[in-house]
Amino acid sequence: MKISTTIAIVPGFSSSLWTTVRSVGAFNAACSFAALWAFVKVLKALRWRLKTTQLRGPPRSSFLYGVSNDPVSSQDSAATYERWAEEYGAVYMIPNVPGQTRIMLCDPKAIAHFYARETWTYVRTPLALTILEAVVGRGLLWAHGESHRRQRKALTPAFSNVAIRKLTSVFYNSVYKVKGAWDTTIESSKDGDAVIEVQNWMNHTSLDTIGIAGFSHDFGSLDGKHASVTEMFDTVENSAQSSVVKEAFILLAQAFPIIAKIPTKRTKLNKKLGVTMGEISNDLLNRSRREKNANVKETEEEKSIIGLLIKAEGQDAEFHLSEEEIVAQVETITRTSFKADILQMRVLLLAGYETTSVIFTWALIELSQHPDIQTRLREELIAFGADPTYDQLKANLPYLDAVVHEVLRLHPPVSEFIRLAAADDVIPLSEPVRTASGEMTDSISVAKGTFISISAGAINRSFAIWGPDAKEFKPDRWLAEGGISGKAKEVQGHRHLLTFVDGPRTCLGKDFALAEFKVIVSVLVKNFIFEMRDGPGTQVEMVKGILPRPRVVGEDGTRVPLRVRRYE
């Protein structure tokens, strides 16, 4: 009674006591949750360590970044990975951000095993999924497992030889617009040549080509028309250029993917790019559907990729894409509706614009730096005569084919791939490696949750795989008997390259890209002579964007000015 009386006469005592009790309860709950989280993390770490072969690798140089900042900040990340492979073996471990260790595969047999199981055993990381969903939606690039198989099956007919053969005229139309504009520029010059910033022209060429070939839509960028998607790509490219803060943000987001959703300038631009591509894709798809329903151009054969997808709607319920998936392919076909079409359109825009424009620019740089190769290629093209057909491009111009594949070997647009093991696995090796304990092994065990990485750039340019001339631009290696070393022949993938990757995620647009690439190079080299503006010693560096791009040292943005004159 005495106690209760005391409580009653102290103002607010009851409510403050209850607040204290609730606070203590919330604190205890938070502590319990944190302890449980830490316990689960420890168990996972122990399981990973027991189930995963411990390999040698570079020592951790930073508590926060491990050594992952070394390749990120390097001008040539592939060279860094290759150097580590020479020191630690063809399969090694890289200390990453806290709580993460990556296994780097540089062994052809291990890489073949990895790609054969991709989308099922090896899937995209949470960070990659977050970024891809923001930019291109849940289309082919985002999907894995059964969803990926279904979407790819639905898209495959649009990238067949029959389909691409019909699109070859689109490639020629775009590059001849470039030729006409450059002719005019050179004719107005007193010196008979002109300095042309070629990367911007290659961007416009890629955009207009994928617009017409992909969606029957002419963006008109080669004619000087404003294209909102180009503006967005350029904005994202410029914002992506390297800084210490941006590199730290990306590296920490690998450990904590939720960071990628923080509304920074870059994440806002990624989201805006996704919205812009989605709006364009919706407009294009709606227009195509209206024309289809109204039987517009019914006398003409449908050629565009998205037109073939729409035409196929309802023909195969199992493999048809939803509306969202088609738009993601315009960014990346399904459930029976408009949503899948939109997703696939977004993928087409991103892949058709970004990767091809980068590789076209690299081709002109390499040919400018190697005038003897440029002359030999021009002689082959002139001797052939008229513009080659799609089938002739594939079979009748061996030196053009060699030049194109040598550019693809040295300069893969997407140089590195990181995946997450969704299940325990054992990866075989072509030759034994030494483990961290000093033992030799011809296979490695990886636990679920292990990060696996492959550098296409390192494999494509590896001395160990391609021989002592691996870093040289040498198209003859594709023509000479024995020009491809025995080790390189062990690399599975298109022409022993990882440029188009391998397995279930082999680039669906590979033949489209190769045909477009050959058309662009053949017309430009046949009609123009290219030189580095400041002479053969001009240095070229890499700058980060959506994809790494070349830039002449000392230039702003991604400028690549070349001296161009007509071939008479």
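Everything quoted here is computed from the prediction, not taken from an experiment. (Residues numbered from 1 in each chain as written. Predicted model: local features only at pLDDT ≥ 70, side-chain atom pairs only at ≥ 80, totals over all residues. Heavy atoms only, no water.)

**With respect to the sheet that holds strand S1 (residues 91-95)**
Spatial ordering of the open sheet is given by S1-S2-S8-S5-S3, a layout of five strands whose pairing is mixed. Whereas interior strands pair on both sides, the edge strands pair on one side only; in this sheet they are S1 and strand S3 (122-124). Going across the sheet, the axis of each strand differs from the next one's by a mean of 40°, ignoring polarity. Judged from the three bridges that link them, S3 and strand S5 (residues 416-421) form a sheet pairing that is antiparallel. Opposite Tyr 122, over in S5, you have Ala 421 as the bridge partner. On top of the sheet, helix H4 (residues 77-88) reaches S1, strand S2 (101-105), S5 and strand S8 (451-455); it is set at about 120° to S1, its chief contact. Lying over the sheet, helix H5 (residues 108-116) contacts S2, S3, S5 and S8, oriented at roughly 120° with respect to S8. (Pairing = 2+ DSSP bridges. Helix = DSSP H or I, 4+ residues; strand = E, 2+ residues; numbered from the N terminus. Axes fitted to C-alpha atoms, helices over the stretch in contact; angles between N-to-C directions. Contact = heavy atoms within 4.5 Å.)

**Quick notes on the packing of aromatic side chains**
Per the stated rule, a full pass over the model turns up 13 aromatic pairs. Aromatic pair Trp 466 and Trp 478: ring centres 5.8 Å apart, planes at 55°, arrangement tilted. Pair noted here: Trp 466 is in helix H21 (residues 463-466) and Trp 478 is in the loop between H21 and helix H22 (510-527), with a separation of 12 residues, a long-range link. Overall, the relative accessible area of 2% leaves Trp 466 in the buried class. Trp 478 gets classed as buried once you look at its relative accessible area, which sits at 12%. Among the aromatic residues, those joined into a cluster by ring pairs are Trp 182, Trp 201, Phe 528 and Phe 530. Here the basic side chain of Arg 409 rests over the ring of Trp 466, its NZ or CZ set 5.3 Å away from the ring centre. (Phe/Tyr/Trp six-rings, centres within 6.5 Å; stacked < 30°, edge-to-face > 60°. Buried < 20%, exposed > 50% of the residue type's maximum accessible area, 1.4 Å probe, protein only. Lys NZ or Arg CZ within 6 Å of the ring centre and 35° of its normal.)

**Quick look at the packing of helix H17 (residues 371-384) against H22**
Remark: H17 packs on H22, axes separated minimally by 9 Å, with the N-to-C direction vectors making an angle of 100°. It follows that H17 is roughly perpendicular to H22 by the angle criterion. Facing Gln 374, Leu 377, Arg 378, Leu 381 and Ile 382 of H17, the residues of H22 in contact are Val 521, Ser 522, Val 525 and Lys 526. In the contact of H17 with H22, the residues fall into five nonpolar, two polar and two charged. (Parallel < 35°, antiparallel > 145°, perpendicular 65-115°, else oblique. Nonpolar A, V, L, I, M, F, W, Y, C, P; charged D, E, K, R; others polar.)

**Some words on a nonpolar patch on the surface**
A surface patch of nonpolar side chains, amounting to about 560 Å² of accessible area, comprises Leu 36, Phe 39, Val 40, Val 42, Leu 43 and Leu 46. Checked against the element boundaries, Phe 39 lands in helix H2 (residues 13-51). Using a relative accessible area of 51% as the deciding quantity, one classes Phe 39 as exposed. (Patch = residues over 30% accessible without salt bridge, like charges linked within 9 Å, V, L, I, M, F, W, Y side chains within 5 Å. Areas by Shrake-Rupley, 256 points an atom, 1.4 Å probe, with all protein chains shown as cover. Salt bridge = Lys/Arg side-chain N within 4 Å of Asp/Glu carboxyl O.)

**A look at the sheet that holds strand S4 (residues 193-197)**
Reading across the sheet, the three strands line up as S4-S12-S9 and stay open at both edges, with antiparallel pairing between neighbours. The sheet is open, and its two borders are formed by S4 and strand S9 (528-532), each paired with just one other strand. In this sheet, adjacent strand axes meet at a mean angle of 35° when their direction is disregarded. With five bridges connecting them, S4 and strand S12 (residues 561-566) associate as antiparallel partners. Among the inter-strand pairings, Ala 194 is bridged to a residue of S12, identified as Val 564. Against the sheet, H22 touches S9 and S12, its axis set at about 90° to S9.

**Some remarks on H22**
Taking 1.5 Å as the rise per residue, H22 with 18 residues should run 26 Å; its terminal C-alpha atoms sit 26 Å apart, in good agreement. The element H22 is largely enclosed, with a buried count of 16 among its 18 residues. (Expected span 1.5 Å × (residues − 1).)

**Some details on the pattern of salt bridges**
In this structure the tally under the stated criterion is 29 salt bridges. Across the salt bridge formed by Arg 102 and Glu 416, the nearest N and O atoms sit 2.8 Å from each other. On the accessibility criterion, Arg 102 (4% relative accessible area) is buried. Relative accessible area serves as the criterion here: at 27%, Glu 416 is assigned to the partly exposed category. Residues Arg 563 and Asp 193 are paired through a salt bridge, measuring 3.7 Å at the closest nitrogen-oxygen approach. Connected through salt bridges with shared partners, the residues Glu 406, Arg 409, Asp 469, Lys 474 and Arg 477 form a single ionic network.

**Considerations on the pairing of strand S7 (residues 440-446)**
Each regular strand carries side chains that alternate between the two faces of the sheet. Inspection of the sheet shows strand S6 (residues 425-434) paired to S7 by six bridges, in the antiparallel sense. Paired with Val 433 across the strands is Thr 441, a residue of S7. Between S6 and S7, which pair antiparallel and follow one another directly, the connecting turn spans five residues, one of which, Gly 438, has a positive phi of 95°.

**Regarding the packing of helix H8 (residues 161-187) against helix H9 (residues 198-215)**
Direction vectors running N to C along H8 and H9 enclose 150°, while the axes themselves pass 9 Å from each other. If you check the angle between H8 and H9, you find them roughly antiparallel. Classified by chirality, the crossing of H9 by H8 is right-handed. Contacts between H8 and H9 involve Leu 167, Val 170, Phe 171, Ser 174, Val 178, Ala 181 and Trp 182 on the former and, on the latter, Val 198, Trp 201, Met 202, Thr 205, Asp 208, Thr 209, Ile 212 and Ala 213. Here the contact of H8 with H9 is built from residues that sort into 11 nonpolar, three polar and one charged. (Left-handed = near helix turned anticlockwise from the far one by under 90°.)

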